[in-house]
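Residues per chain are reported as follows:
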Amino acid sequence: MVFIGNMWRGIVQMNSGLQSIVVLACLIAGFAALYYARGLTRTDYTGDGNATRKTMSIILYVIGVILLLLALICLAAVFAQLIGM
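Treat the numbers as computed from the prediction; the structure is a model and nothing was measured. Each residue is numbered by its place in its chain's sequence as written, counting from 1. Totals for whole chains, interfaces and linings use all residues, but because this is a predicted model, local features are given only for residues with pLDDT of at least 70 and pairs of side-chain atoms are given and counted only at 80 or more. Computation of side-chain values covers all heavy atoms of the structure but excludes hydrogens and water.

A few words now on helix α1 (residues 2-13). Counting from the N terminus, the helices are the DSSP runs of H or I reaching at least four residues and the strands are the DSSP runs of E reaching at least two. Take the residue count of a helix, subtract one, and multiply by 1.5 Å to get its expected span. For α1, which comprises 12 residues, the first-to-last C-alpha distance of 17 Å matches the rise-based estimate of 16 Å (1.5 Å per residue) to within 8%. Only protein chains enter the accessibility calculation, which uses a 1.4 Å probe; a residue whose area is less than 20% of its type maximum is buried, one above 50% is exposed, and one in between is partly exposed. M7, I11 and V12 are the residues of α1 that are buried. With its buried residues spanning 130° around the axis, α1 presents them on a single face. Exposed positions of α1 whose direction lies more than 90 degrees from the buried face are V2 and Q13. Working note: the arc is built from the helix axis to C-beta atom directions.

Pasting the structure below:
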């Protein structure tokens, strides 16, 4: 909880141009990670590398979800300044 509070304060203290860049970067990276992870879930009938693909797809899904949540927090910080928080 302390990490999220510190991250929130850091993002709110950024200027709005940098906040929007961070939001866009997190959105693009998050969606790219989810898209790539989905491509890794295809079944390989030869049996080679299925465990590696499954592990990589799980890791990429987790990274993608974390980046999208970070983008949501950054977006909330952008609008927090507009309403005077």
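That covers the picture; the talk isn't over yet.
Our next topic: the nonpolar core. Looking at soluble globular proteins, one finds that nonpolar side chains tend to be buried together. Residue types Ala, Val, Leu, Ile, Met, Phe, Trp, Tyr and Cys, when buried and joined through side-chain atoms within 4.5 Å, form a set referred to as a nonpolar core. Membership of the largest hydrophobic core is limited to 6 residues, which are M7, I11, V12, V23, C74 and A77. Tallying contributions element by element places α1 first for this core, with 3 residues. Every residue pair with non-hydrogen atoms within 4.5 Å of one another is taken to be in contact. Apart from residues no more than four positions distant in its own chain, M7 is found in contact with L70 and I73.

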